[in-house]
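Below are the chains, spelled out letter by letter.
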Amino acid sequence: MNLTKCTLSSVFHITRRLSFSRTAMAEVPDEIRNKCLVIPDGSGYDINMFSIPVKYANFLKKVLIPNGLIKDRTSRLASDILGSLPNTKSLVVLCVLKGGYKFCSELVDAMERYICSCEINMSIKVEFIRLKSYHNTESTGEIKVIGLSDLSCLTGKDVLIVEDIIDTGKTMTKALKLIDEYKPNSVQCASLLLKRTPHSCGYVPEFIGFSCADEFVVGYGLDYNEFYRDLPHIGVINEDGIKAFAE
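### Some words on helix α3 (residues 67-83)
Here is step 1: Taking 1.5 Å as the rise per residue, α3 with 17 residues should run 24 Å; its terminal C-alpha atoms sit 25 Å apart, in good agreement.
Here is step 2: Within α3, the full set of buried residues consists of N67, I70, R73, T74, L77, A78, S79, I81 and L82.

This is the structure:
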């Protein structure tokens, strides 16, 4: 084997990938790029390299973000969030159901570990809200409040909203309006994903796990008609999956 040729070839392919990543990142505003890990357009992994539930094996285009990367990024978000609240003694975490439950659980666990290890005097209370804006793969443009807890406990409190994905931003804008009615002391939002879409209303949360391309992503709590929530990774659904699980 010609090691020199092999090495040069490897450098060439790595340089191309780095160049592609920089090009993709250059298109992301600094406000977003400085807050999250940007997943370049076209990125993804062969599903055969991962443990995938049998029922989804033929209905995914690719794995976009592996489970381990999600958890590691969530751990970092936990420390960033707590670092932004140096004087807060009590934090209300508002989980947006259903999609946000898995990310919220992982995030709160990471925050509590951080609180214990750093001996921070803070308590965390979790409340829930349910909003729906999708039918099949399309956003309906209308926000339906499916269920709402008693949010009077938010008055005068520091609140962290935890969401699975910010798509157009309209869902979170609606949630913020609802929460503002209870006059909290402060409100911040942590979203696992922020989608790069021309349909965005411009809303950008304070904390973001990943910025991803405008693809229909599923897994790790994100669903397609209630399927795929149990997929441990974040993946992209294929056309066969859209047909198989359509309502």
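### Concerning the side chain of N67
Here is step 1: By the element assignment, N67 lies in helix α3.
Here is step 2: In terms of polar contacts, N67 uses its side chain to reach the backbone carbonyl oxygen of P232, at 2.9 Å.
Here is step 3: Each residue touching N67, except ones within four places of it in the same chain, is listed here: Y220, P232 and H233.

### A short note on unusual backbone geometry
Here is step 1: With omega at 5°, the peptide bond leading from L97 into K98 counts as cis.
Here is step 2: By the element assignment, K98 lies in the loop between β3 (90-97) and α4 (101-117).
Here is step 3: In this structure, K183 is a non-glycine residue whose phi angle is positive, near 50°.
Here is step 4: Structurally, the position occupied by K183 is in the loop between α5 (170-180) and β7 (186-195).
Here is step 5: For K183, a relative accessible area of 62% corresponds to the exposed category.
Here is step 6: Unlike most non-glycine residues, N225 shows phi in positive territory, near 50°.
Here is step 7: Take N225: it is sitting in the loop between β9 (217-218) and β10 (234-237).

### Brief notes about the nonpolar core
Here is step 1: Counting 35 residues, the largest nonpolar core has L107, M111, L160 and L193 as the members making the most contacts within it.
Here is step 2: For this core, the secondary-structure elements that each account for two or more residues are β2 (60-65), α3, β3, α4, β6 (158-166), β7, β8 (207-212) and β10.
Here is step 3: Considering each element in turn, this core owes the most residues, 7 residues, to α4.
Here is step 4: Non-local contacts of L193, meaning those with residues more than four positions away in its chain, are made with I65, D164, I165, I166, F210, C212, V217, L222 and I234.
Here is step 5: The next biggest cluster of nonpolar side chains, apart from the first, holds 23 residues, and it includes I32, V96, L151 and Y203.

Rules used throughout
- Counting restarts for each chain, with residues numbered from 1 along the sequence as it is written.
- Restriction of local features to residues with pLDDT of at least 70 applies here, the model being predicted, together with a cutoff of 80 or more for giving and counting side-chain atom pairs; totals for whole chains, interfaces and linings are based on all residues.
- Just so you know, side-chain values use all the structure's heavy atoms and leave hydrogens and water out.
- In this text, helices come from DSSP runs of H or I with a minimum length of four residues, and strands from runs of E with a minimum of two, each type numbered from the N-terminal end.
- Expected span, for any helix, means 1.5 Å times one less than how many residues it has.
- Categorising residues by exposure relies on relative accessible area from a 1.4 Å probe, with only protein chains included: less than 20% of the type maximum marks a residue as buried, more than 50% marks it as exposed, and the intermediate range marks it as partly exposed.
- The term polar contact refers here to a pair of N or O atoms within 3.5 Å; inside protein, the definition further demands a hydrogen-donor-capable atom paired with an acceptor-capable atom, and it admits residues adjacent in sequence only when both atoms are side-chain atoms.
- Should any heavy atoms of two residues lie within 4.5 Å, those residues are counted as being in contact.
- In this description, a nonpolar core means a group of buried Ala, Val, Leu, Ile, Met, Phe, Trp, Tyr and Cys residues linked to one another through side-chain atoms lying within 4.5 Å.

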